[in-house]
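# Per-entry structural report
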Amino acid sequence: MTDNVATEPQPPLPAWNDPSLGTPERVDALIRAMTLKEKVAQLFGVWVGASDEGAEVAPHQHDMEETVDLDALLPDGLGQLTRPFGTVPVDPAVGALSLLRTQRRIAAANRFGIPAVAHEECLAGFAAWGATAYPVPLSWGATFDPELIREMAAVIGGDMRAVGVHQGLAPVLDVVRDARWGRVEETIGEDPYLVGTLATAYVRGLESAGIVATLKHFAGYSASRAGRNLAPVGMGRRELADVILPPFEMAVRESGVRSVMHAYTDTDGVPSAADDELLTGLLRDTWGFTGTVVADYFGIAFLKTLHGVAGTFGEAAAAALAAGVDVELPTVKTFGGPLLDAVEKGELTEDLVDRAVRRVLTQKVELGLLDPDWTPVPAALAGVDTTADPETLRGAIVLDPAANRELAGKVAERAVVLLRNDGTLPLDAGTPRRIALIGPNADTPKAVLGCYSFPVHVGGQHPDVPLGIDLPTLRDALLAEFPSAELMSAPGCGVDDPDTSGFAEAVALARGADLVIAALGDRAGLFGRGTSGEGCDAESLALPGVQQQLLDALLDTGTPVVTTLLAGRPYALGRATGESAAIVQAFFPGEAGTAAVAAVLSGRTNPSGRLPVSVPRHQGAQPSTYLAARLGHASEVSDIDPSPAYGFGHGLTYTTFEWTDLAVGNGTAATDGAFELALTVRNTGPRAGTELVQLYLHDPVASVVQPVQRLIGYRRLELAPGESRRLHVTVPADLASFTGRDGTRRVEPGALELAFGASSTDHRLTARVTLTGPVRTLDHTRRLHATFQAGSPAARTTP
């Protein structure tokens, strides 16, 4: 028999905590209950660093911010926590404990129990101590493999979410316009379609793991004049619409992205942070974006301090909020007291505050942060006694497991680009030989890392702290790959110093060797501490320091030279483009990058990377990209030839391919129709390999000037020796659209050329087709992709 025990009725949940209600209803109820100060508190972050002793986070100080008093702020709430793992080195488990304790404090301090959104950088992996360092985005572009990038992003996102992070500040969708810009390594390439497809894949991966992805930098940052970081942008509306914006549009439409970060720069005098036409009119009203717009770090204050379009921080806050910026990052400067003062003075309405806080709270509801069962304990610490001595947790969370390293190696291998080969490569790993490994990146662990990897971005400020991950040098990788070789090494010179005293030793080793591997390139860093990275812009595309002189001296020895580049941007290589036995390009390939390079040198991996940016022939012919109109190419009226040494999309393999049997279903299509094309690709070489079929469009006569060619589609084909595939391609007429003189997107009737190529400089098959009918106006719902369907592999034949 069971006793009937009376139970006290539970008080009803506040509407904002009730999961049975719809998100809008929960958010509206909360906004009605909040004071103005409580609303504004949700619109900024505080830059913190997790404690390596497991205590609550401590505010991080920066020379662009004032001291933050958390005790004074928290009773009103807090919108974001900035980089708890990415500010100082901290053991992941102890850092997760520090974060959860802080979240518990934040939720307990405010009337509504609202925790903060924690965000981190993830441009080349989770930017935390001990986390896997993946290849930089320029290497993602070199893979031309969206599915692999989606897989990588899902793993990165899973690692972040497991320790309590909610938002990742990636990917970068800036299209390279000038390779002298220091942040080229953070971009995916110089073509908007490639950038859009890879970035969209990355967002899908992050979002699938529950991480709020952030598109940046919206928009135009990469087009700053002379490649100088944060310089003004002078492009016209059509270049903005047809080159810079398409990747963002694709990601907003197709990826499920929930955040966008404004750019630092001004375009034609209008800073992005105060551009309501961009952040509201285009992004929200036209494209339908419903997430949050966050500030690039200190970007709202820059409206006053750098751009001069605001006289006070209150005016800067009002301008940004009115334009559509919802969250100030990294810390409170303008969206605190100055914003409150602006509302109280009537300089902007509380409705604009409500608009922004509604977006922020909607995201917090979607993340489960207002649910009654919310807990600050992240998945990685589930079941762990979080009251125990933090020292007992140290090492309990591993952010660089074997599976991560394997995936990082897979991405790195697919990103290595073989630019030139006279037959010297691949090298038989079992053949004894004397190899001279020469160059500043020969024996440097961090030579594979970009500036936003943790060991460079943060670790460099803590030289006594271990790197946290294993970073085999190129020397280490070559010793493992070629165990029978005698490997001799010397730096020859530094990355960017003018000292040539090491040349003599390097040349002597080269003369006594059977082969030289020249390990050249960049050193990543921030604001002048490197040759590549944020604030590390280049005067020209000559190799930094005296590396070109070293390379020339090695070529003079007569010993075959394999030029190997670990770099963040493309460089002109002078004589090497015609005299090196081979050239191997790797764009900061991450912690498994040297093993990937060694595998390509030995032939254990057949290279399949393709250039996401052109390699210049001359160091001073900038800015130039393959997306140039006729007047942007070599001509008789200028003595500067911008023709690349190796064009966008170029990359060699250790096999050969034959492209045949181009068929055009119908040579004409209406301006609202599509073309049907087909071709056959066959591996005619002795080993399996990957061919990248690239589809370029050329519009010879248009109402406004067009680039000579632009990529509109691509497909990787992996073929065994003798194997062939029939590739069927549907090309919607929408892909021929461009922005006309009146600012609207249009498809015009007339002749087109659709070229299938192995690169922008190697077109194999060209179909000449015609669009018929009236000029057609398009909007943001237009079709964005050609479809590629590969038939079943044909029976193999002997190559």
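These numbers were taken from a predicted model, which means no experiment stands behind them.

### Some remarks on the overall build of the chain
- Counting its secondary structure elements, the chain contains 21 helices and 30 strands.
- In summary, the chain has a C-alpha radius of gyration of 27 Å against a globular reference of 28 Å for 799 residues, a match within 12%.
- On the principal axes, the C-alpha backbone points of the chain span a range of 85 × 70 × 70 Å.
- Buried residues in the chain amount to 61% of all 799 residues.
- Considering only residue pairs separated by 6 or more positions, the chain has 80% of its internal contacts joining residues 24 or more positions apart.
- When the accessible area of the chain is evaluated, it comes to approximately 28300 Å², of which 50% is carbon and sulfur surface.

### Brief notes about the environment of Thr197
- Secondary-structure assignment places Thr197 in helix α7 (residues 192-208).
- For the pair formed by Thr197 and Cys451, sequence separation is 254 residues and the distance between their alpha carbons is 24 Å.
- With residues up to four places along the chain from it excluded, the contact list for Thr197 reads Pro146, Met250, Tyr714 and His785.

### Here we look at the pattern of salt bridges
- A full pass over the atoms with the stated rule returns 36 salt bridges.
- Here Glu38 makes a salt bridge to Arg111, at a shortest N to O gap of 2.7 Å. On the criterion of sequence distance, the pair formed by Glu38 in helix α2 (residues 36-41) and Arg111 in the loop between α4 (92-109) and β4 (117-120) is long-range, its members being 73 residues apart.
- For Glu38, a relative accessible area of 5% puts it in the buried group.
- Residue Arg284 pairs with Asp326 through a salt bridge whose shortest N-O separation is 2.9 Å. On the criterion of sequence distance, the pair formed by Arg284 in helix α10 (residues 276-286) and Asp326 in the loop between α12 (313-323) and α13 (337-344) is long-range, its members being 42 residues apart. Asp326 matches Arg284 in its accessibility class, with the two residues each being buried.

### Quick word on the sheet that holds strand β25 (residues 738-739)
- Strand order in the open sheet formed by 3 strands is β25-β26-β29, with antiparallel pairing between adjacent strands. Taken across any chain shown, the strands that pair with only one partner, and hence form the sheet edges, are β25 and β29 (776-778).
- Alignment of β25 against strand β26 (residues 745-747), held across 2 bridges, turns out to be antiparallel. Counted as the bridge partner of Phe738 is Arg746 from β26.

### A word on the packing of helix α18 (residues 503-511) against helix α19 (residues 547-556)
- Look at α18 against α19: their axes get within 9 Å of each other, and the N-to-C directions meet at 30 degrees. Looking at the two axes, α18 sits roughly parallel to α19. Here α18 and α19 pass one another in a crossing that is right-handed. For the pair α18 and α19, the contacting residues are Phe503, Ala506, Val507 and Ala510 in the first and Gln549, Leu550, Ala553 and Leu554 in the second.

### Overview of helix α9 (residues 246-254)
- With 7 of 9 residues buried, α9 is to be regarded as a mostly interior element.
- Every buried residue of α9 is accounted for by Pro246, Pro247, Phe248, Glu249, Met250, Ala251 and Val252.
- Against α7, β6 (212-218), α8 (237-244) and α10 lie the buried residues of α9.
- Trailing α9 by a residue or two, Gly256 shows a phi angle of about 80 degrees, which is positive.

### Concerning helix α1 (residues 23-33)
- Every buried residue of α1 is listed here: Arg26, Val27, Ala29, Leu30 and Ile31.
- The secondary structure elements touched by the buried residues of α1 are α2 and α14 (350-366).

### Section: the environment of Lys37
- With respect to the secondary-structure elements, Lys37 resides in helix α2.
- A relative accessible area of 47% means that Lys37 is categorised as partly exposed.
- With 210 residues separating them along the chain, Lys37 and Pro247 place their C-alpha atoms 37 Å apart.
- In contact with Lys37, other than residues within four places in its own chain, are Asp76 and Leu340.

### Some words on the nonpolar core
- Residues Phe126, Tyr202 and Phe218 are the most contacted members of the largest nonpolar core, which totals 226 residues.
- Counting residues per element, this core draws most heavily on α7, which supplies 8 residues.
- If you look at the next biggest cluster of nonpolar residues, it comprises 31 residues, including Leu677, Ala736, Leu754 and Leu778.

### Brief notes about the side chain of Ser255
- Tracing the sequence through the fold places Ser255 in the loop between α9 and β7 (259-262).
- On the basis of relative accessible area, Ser255 is assigned to the buried category, the value being 8%.
- Polar side-chain contacts of Ser255 include one of 2.5 Å to the backbone oxygen of Ala251.
- For Ser255, the side chain forms a polar contact with the main-chain nitrogen of Val257, separated by 3.2 Å.
- Once residues within four sequence positions are removed from consideration, Ser255 is found in contact with Thr200, Val203, Arg204 and Met250.

### Regarding the packing of aromatic side chains
- Using the criterion set out here, one finds 15 aromatic pairs in the structure.
- Here a set of aromatic residues connected by ring pairs shows up, and it is made of Phe144, Tyr193, Tyr626, Phe648, Tyr696 and Tyr714.
- It is Lys216 that lies over the ring of Tyr452; its NZ or CZ is 5.8 Å from the centre.
- Positioned above the aromatic ring of Phe313 is the side chain of Lys304, whose terminal nitrogen or guanidinium carbon lies 5.0 Å from the ring centre.

### Some details on the packing of α1 against α14
- Relative to each other, α1 and α14 sit at 125 degrees, their axes nearing to 9 Å. With respect to each other, α1 and α14 are oriented oblique. Viewed along their axes, α1 and α14 form a crossing whose handedness is right-handed. Two secondary-structure elements touch here, α1 through Thr23, Arg26, Val27, Asp28, Leu30 and Ile31 and α14 through Asp354, Val357, Arg358, Leu361, Thr362 and Val365.

What counts and how
- Residues numbered from 1 in each chain as written.
- Predicted model: local features only at pLDDT ≥ 70, side-chain atom pairs only at ≥ 80, totals over all residues.
- Heavy atoms only, no water.
- Helix = DSSP H or I, 4+ residues; strand = E, 2+ residues; numbered from the N terminus.
- Rg over C-alpha atoms; globule rule 2.2 N^0.38 Å.
- Buried < 20%, exposed > 50% of the residue type's maximum accessible area, 1.4 Å probe, protein only.
- Contact = heavy atoms within 4.5 Å.
- Areas by Shrake-Rupley, 256 points an atom, 1.4 Å probe, with all protein chains shown as cover.
- Salt bridge = Lys/Arg side-chain N within 4 Å of Asp/Glu carboxyl O.
- Pairing = 2+ DSSP bridges.
- Axes fitted to C-alpha atoms, helices over the stretch in contact; angles between N-to-C directions.
- Parallel < 35°, antiparallel > 145°, perpendicular 65-115°, else oblique.
- Left-handed = near helix turned anticlockwise from the far one by under 90°.
- Core = buried A, V, L, I, M, F, W, Y, C linked by side-chain atoms within 4.5 Å.
- Polar contact = N/O pair within 3.5 Å; in protein donor to acceptor, adjacent residues only side chain to side chain.
- Phe/Tyr/Trp six-rings, centres within 6.5 Å; stacked < 30°, edge-to-face > 60°.
- Lys NZ or Arg CZ within 6 Å of the ring centre and 35° of its normal.

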